[in-house]
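These are the residues of each chain, in order.
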Amino acid sequence: MAKITASVYTSHVPAIGAAMDLGKTQEPYWQPLFAGYDYSKQWMKDNTPDVVFLVYNDHATAFSLEMIPTFAIGTAAQYQPADEGWGARPVPVVQGHPELASHIAQSVIQQDFDLTIVNKMDVDHGLTVPLSLMCGAKDPKTDKWPFKVIPFAVNVVQYPVPSGRRCFQLGQAIRKAVESFDENLNVQIWGTGGMTHQLQGPRAGLINKDWDNAWLDKLIDDPAATAQVPHIEYVREAGSEGIELVMWLIARGAMADVHGGPKPKVKHRFYHVPASNTAVGHMILENS
């Protein structure tokens with residue numbers, strides 16, 4: 001059967017992708033951030049999965065205020081990098097896994113989660129920046145991403161947005177779905193977005209290091225309690241865009257310890273500010 005072997009958590013700041021694409025990773029402002037992913041890129045080479053189930057939020061690219069799915073799963077064979085207003089990022093086309101994606105959709109819907117099934121969409125920085133951070137720069141003409149990707153878009157842009165509790169429960173349903181797929185596949189689940197940041201209003205530029213790191217501690221040691229954090233706390237402590245962190249709970253909910261297994265191993269943890277007015281968090285957990 002398929003098996004979730006690890007979860008990866010990372011911010012997906014668009015300026016990070018721009019810094020990579022424009023060759024600025026060694027500039028003084030950016031070098032400390034990218035150094036935090038050196039371990040991760042080597043870990044990725046040593047632990048390359050067959051499929052990554054990548055949880056992210058679309059930034060008015062595939063969806064808009066005309067159509068706002070709470071949870072949307074991509075079931076296509078491939079996904080083009082999106083043009084977000086300044087041209088598509090120069091990264092490879094994302095290859096999907098329609099069979100596993102369709103199986104997960106079937107299983108999760110039967111577990112009473114209402115998903116939107118998307119057979120065609122472009123993917124924006126929310127998905128491509130984590131791929132670049134974990135896999136390094138890739139030439140779109142000659143390279144491929146080293147695994148297939150199932151995009152899973154969560155609405156954390158326009159209220160009402162799903163609760164952390166619902167996202168945590170959804171991660172548990174996804175794990176059950178993956179493990180019922182009758183093919184030996186190594187699957188990782190990634191939660192992206194966050195950490196603290198606010199992009200508008202009087203609190204624009206908000207960074208809350210203490211809250212971020214306390215939240216990471218709790219996510220590792222007591223994910224069920226972390227899932228109870230209310231929306232108002234994310235907004236008050238982590239800024240209006242800090243609500244993206246509920247997507248990390250989907251990945252955490254899919255780990256073995258939530259289902260009675262051993263606690264995951266923390267292989268890497270990294271935190272850095274600022275990155276274009278955003279706190280960057282990153283973590284790798286392996287199932288024991």
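The structure presented is a predicted model; accordingly, all values stated were derived computationally and were not measured.

1. Remarks on the side chain of H268
Part 1: Tracing the backbone shows H268 in strand β9 (residues 265-272).
Part 2: Among the polar contacts listed, one links the side chain of H268 to the backbone oxygen of G36, at a separation of 2.8 Å.

2. Quick notes on the packing of helix α1 (residues 14-21) against helix α5 (residues 125-135)
Helix-helix packing is characterised by the crossing angle of the two axes and by the distance between the axes.
Part 1: It is the contact of α1 with α5, at a shortest axis distance of 9 Å, that shows an interaxial angle of 50°. Between α1 and α5, the angle is such that the two are oblique. For α1 against α5, the interelement crossing comes out left-handed. Residues P14, I16, G17 and M20 of α1 form the contact with α5, whose participating residues are H125, V129, S132 and L133.
Part 2: Partitioning the contact of α1 with α5 into residue classes produces 5 nonpolar, 3 polar and no charged.

3. Side note on the nonpolar core
Part 1: Residues F152 and I250 are the most contacted members of the largest nonpolar core, which totals 55 residues.
Part 2: For this core, the element with the most residues is helix α6 (residues 164-179), which contributes 7 residues.
Part 3: One finds V13, W30, F63 and F270 within the second-largest nonpolar core, a separate group that totals 39 residues.

4. Considerations on the side chain of D58
Part 1: Residue placement: D58 occurs in the loop between β2 (51-56) and β3 (71-74).
Part 2: For the buried D58, no salt bridge exists, and the shortest N-O distance to an oppositely charged side chain is 14 Å, to R89.
Part 3: A polar side-chain atom of D58 sits 2.9 Å from the main-chain amide nitrogen of T61.
Part 4: Only 2.8 Å separates the side chain of D58 from the backbone nitrogen of A62, close enough to count as a polar contact.
Part 5: With near-sequence residues (within four places) excluded, D58 lies in contact with F63, D124 and V157.

5. As for the packing of aromatic side chains
Part 1: Applying the stated criterion across every chain yields a total of 11 aromatic pairs.
Part 2: Judged by centre distance (5.8 Å) and plane angle (75°), the rings of W211 and Y234 are edge-to-face. Residue W211 is located in helix α7 (residues 209-221), and its partner Y234 is located in helix α9 (residues 231-238); the two are separated by 23 residues in the primary sequence.
Part 3: A ring pair is formed by W215 and Y234, whose centres lie 6.5 Å apart and whose planes are at 65°; its orientation type is edge-to-face. Here W215, found in helix α7, pairs with Y234, found in helix α9; they are 19 residues apart in sequence, far enough to count as distant.

6. Structural notes on the pattern of salt bridges
Part 1: Overall, the coordinates contain 6 salt bridges when judged by the stated rule.
Part 2: For R269, the salt bridge is made with D217, and the minimal N-O distance between the two is 2.7 Å. Placement of the pair is R269 in strand β9 and D217 in helix α7, with a sequence separation of 52 residues.
Part 3: For R269, a relative accessible area of 31% translates into the label partly exposed.
Part 4: Among the residues examined, D217 registers a relative accessible area of 36% and is labelled partly exposed.
Part 5: With its nearest N and O atoms 3.2 Å apart, the salt bridge here joins R236 to E237.
Part 6: Residue classification places R236 among the partly exposed residues on the basis of a relative accessible area of 45%.

7. Observations concerning the sheet that holds β3
Part 1: What the 8 strands build is an open sheet, ordered β6-β3-β7-β2-β8-β1-β10-β9; its pairing is mixed. Because the sheet does not close on itself, it has two edges, and the strands there are β6 (116-118) and β9. When the angles between neighbouring strand axes are averaged without regard to direction, this sheet yields 20°.
Part 2: Sheet topology note: the strand β1 (residues 3-10)/strand β8 (residues 186-192) ladder contains 7 bridges and is parallel.

8. Quick notes on a negative patch on the surface
Part 1: Taken together, the side chains of D50, E99, D182 and E183 define an acidic patch exposed on the protein surface.
Part 2: By the secondary structure assignment, D50 is in the loop between α3 (38-46) and β2.
Part 3: On the basis of relative accessible area, D50 is assigned to the partly exposed category, the value being 37%.

9. Some remarks on unusual backbone geometry
Part 1: With an omega of 10°, the peptide bond between Y159 and P160 qualifies as cis.
Part 2: For P160, the location among the structural elements is in the loop between β7 (148-154) and α6.
Part 3: A cis geometry characterises the amide bond from V273 onward to P274, with omega recorded as -10°.
Part 4: Note that P274 resides in the loop between β9 and β10 (280-286).
Part 5: Positive phi, normally seen in glycine, also occurs at A60, with a value near 60°.
Part 6: Note on placement: A60 falls in the loop between β2 and β3.
Part 7: Judged by its relative accessible area of 64%, A60 is exposed.
Part 8: One non-glycine residue, D112, lies in the positive phi region at around 80°.
Part 9: Inspection of the secondary structure puts D112 in the loop between α4 (98-110) and β6.

What counts and what doesn't
- Residues numbered from 1 in each chain as written.
- Predicted model: local features only at pLDDT ≥ 70, side-chain atom pairs only at ≥ 80, totals over all residues.
- Heavy atoms only, no water.
- Helix = DSSP H or I, 4+ residues; strand = E, 2+ residues; numbered from the N terminus.
- Polar contact = N/O pair within 3.5 Å; in protein donor to acceptor, adjacent residues only side chain to side chain.
- Axes fitted to C-alpha atoms, helices over the stretch in contact; angles between N-to-C directions.
- Parallel < 35°, antiparallel > 145°, perpendicular 65-115°, else oblique.
- Left-handed = near helix turned anticlockwise from the far one by under 90°.
- Contact = heavy atoms within 4.5 Å.
- Nonpolar A, V, L, I, M, F, W, Y, C, P; charged D, E, K, R; others polar.
- Core = buried A, V, L, I, M, F, W, Y, C linked by side-chain atoms within 4.5 Å.
- Buried < 20%, exposed > 50% of the residue type's maximum accessible area, 1.4 Å probe, protein only.
- Lys, Arg positive; Asp, Glu negative; His and termini not counted.
- Salt bridge = Lys/Arg side-chain N within 4 Å of Asp/Glu carboxyl O.
- Phe/Tyr/Trp six-rings, centres within 6.5 Å; stacked < 30°, edge-to-face > 60°.
- Pairing = 2+ DSSP bridges.
- Patch = residues over 30% accessible without salt bridge, like charges linked within 9 Å, V, L, I, M, F, W, Y side chains within 5 Å.
- Areas by Shrake-Rupley, 256 points an atom, 1.4 Å probe, with all protein chains shown as cover.
- Charge placed at Lys NZ, Arg CZ, Asp CG, Glu CD.

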